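What follows is each chain in one-letter form.
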Amino acid sequence: MTSDVRSPGRTAALLGLLFGLAGTGTSAATVVLPELASELGVGPSTAAWTISVYAVMLAVATPLHGRLADAYGLRGPLVVGLSAMVGGSVVAALAPTFPVLLAGRVVQGFGGASVPVLATALISTLWSGPQRSSALGRLAGIAAAFSALGPLLGGALEEIGGWRLAIAVPALGVVSLPWLARRAPAGGTGERIDRVGALFVAATAAGLVLLLQSPSSGPVTAMIGAVMLAVGVPAVAIWVRRRPTGFLPRVVVTNPVVLRSAFATAAIPAAWFALLIGVPLTAAEWGWSPFEIGLLLLPAVAVGIVAPWLSRTALGRLGPRRTIVTGVGIAVVAMLTGAAGAALDSPVLLAFAVLALNTAFGIGQPAMISAVDGAVDAAERGIALGIASLVFLVGASIGAALVGGLAEVTGIAVALCVLVALPVMGLTVLLLGPRQRTPVRV
């Protein structure tokens, strides 16, 4: 499809900033948890729910936004999602009590979940060929770069005005609402949403994320997550067989290209979130302040400048599958470098590890989107990208939960070494699977 929007670069840059703002809902908030806990009178483990509920909603709501976009077009779901992200940010920032803060974070996370899947779907709708690859690369690079700024931004805002300013950062997305309301297409299939299927998927995804978050949240969370997962998995399987064209179309969830691409690429955010937690923990042991930790991660922002060229070149020369393999391979190197940096107390190695992972993110996510987009029909693009993004975000939760739990027992260096298994498994998923050709869209 050819778009009447003249500048895919500017559009991708704006959408990348929105993607990054959704990411700072986690990265900027992490460094202000101690002050937040002190002011609202809760303990550290309770304060951690500020991050957990946001992560849960990001994962749970992603496929729902994709399905809504298929049914009603991109404009309505994207505007509603961004409005929820902005409104939730304001409520959380002004919260007088911790329960009000959590309610705001739930709304913030629900709205933030619309950005990854709908932003990429918008680019896939507006452009094709090299323009699409370039735009997706710019989006991923800017998103990764802005997310890398999250700890620095959170630390700086905490010094200026306290934790509430850091929590409110995603509210900046309000400035993009008028532009998106004009540019995003409104037409959809008009198909009714399968509410039962959506409920089953949401419960299953929430159970998995709660189970992964339980090392820092306690046995009650683990039990709730395990029960939701144990009930949700067979319920989803039965419902997909009963309603093959429902919320999770059978043609999508059984598509090997979609599944392998999503599961393999999920290793990249898993490694990224592991470093996003592991690097600050290591630097804090050296006595560094949140602002200094943010400065340590600052070089990774440079990836956003070259991401469009990297993504376009990689996809043009290697294709989606081999580009994913390259990105996951870089993640392996980054994790080992991060482990070495933690063991040797080397800020240089830690900074290089984050820089390398941003590079992996900048080429890996566009490759996943390209693979998924080429493997499904246009009418199923939204839900296919939603499912892929769900797996992608669950990968982030796995990395964050595992490094947090392991670090208390083994230390950061050993934990990062153990978590190298995540990108290695991602490589295995692709390399041992049969090669399949997917239709090329022009």
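Residues numbered from 1 in each chain as written. Predicted model: local features only at pLDDT ≥ 70, side-chain atom pairs only at ≥ 80, totals over all residues. Heavy atoms only, no water.

Draft legend 1. Spatial organisation of unusual backbone geometry. At Asp345, a residue that is not glycine, the phi angle is positive and equals roughly 55°. With respect to the helices and strands, the residue Asp345 is situated in the loop between helix H18 (303-344) and helix H19 (347-375). Overall, Asp345 belongs to the partly exposed group, its relative accessible area being 49%. (Helix = DSSP H or I, 4+ residues; strand = E, 2+ residues; numbered from the N terminus. Buried < 20%, exposed > 50% of the residue type's maximum accessible area, 1.4 Å probe, protein only.)

Draft legend 2. Structural context of the side chain of His65. Inspection of the secondary structure puts His65 in helix H4 (residues 49-72). Among residues more than four places away in sequence, those in contact with His65 are Gly81, Phe110, Ala113, Ser114, Val117 and Leu118. (Contact = heavy atoms within 4.5 Å.)

Draft legend 3. Up close: the pattern of salt bridges. Going through the model one piece at a time under the given rule, you end up with 2 salt bridges. The partner of Arg164 in a salt bridge is Glu39, with the nearest N and O atoms 3.0 Å apart. Residue Arg164 is found in helix H10 (residues 163-167), and its partner Glu39 is found in helix H2 (residues 33-40); the two are separated by 125 residues along the sequence. Since its relative accessible area comes to 23%, Arg164 is described here as partly exposed. (Salt bridge = Lys/Arg side-chain N within 4 Å of Asp/Glu carboxyl O.)

Draft legend 4. Looking closely at H2. All of the buried residues along H2 are Leu33, Leu36, Ala37 and Leu40. Down the axis of H2, the buried set is contained in an arc of 95°. They therefore lie on one face. Opposite its buried face, H2 presents the exposed residues Pro34 and Ser38, each directed more than 90 degrees away. Backbone geometry just downstream of H2 places Gly41 in the positive-phi region, at approximately 70°. (Arc of directions from axis to C-beta.)

Draft legend 5. Inspection of a nonpolar patch on the surface at higher detail. A grouping of Met223, Val227 and Val231 is seen on the molecular surface, where their side chains present a nonpolar patch of about 310 Å² in accessible area. Summarising the element assignment, Val227 is placed in helix H13 (residues 219-242). (Patch = residues over 30% accessible without salt bridge, like charges linked within 9 Å, V, L, I, M, F, W, Y side chains within 5 Å. Areas by Shrake-Rupley, 256 points an atom, 1.4 Å probe, with all protein chains shown as cover.)

Draft legend 6. Spotlight on the packing of helix H21 (residues 412-419) against helix H22 (residues 421-431). Where H21 contacts H22, the two axes come as close as 5 Å, and the packing angle between them is 10°. Relative to H22, the element H21 is oriented roughly parallel. Contacts between H21 and H22 involve Cys417, Val418 and Leu419 on the former and, on the latter, Ala421, Leu422 and Pro423. Its residues assigned to classes, the contact of H21 with H22 comprises 6 nonpolar, no polar and no charged. (Axes fitted to C-alpha atoms, helices over the stretch in contact; angles between N-to-C directions. Parallel < 35°, antiparallel > 145°, perpendicular 65-115°, else oblique. Nonpolar A, V, L, I, M, F, W, Y, C, P; charged D, E, K, R; others polar.)

Function-wise, these values are silent; they only describe arrangement.
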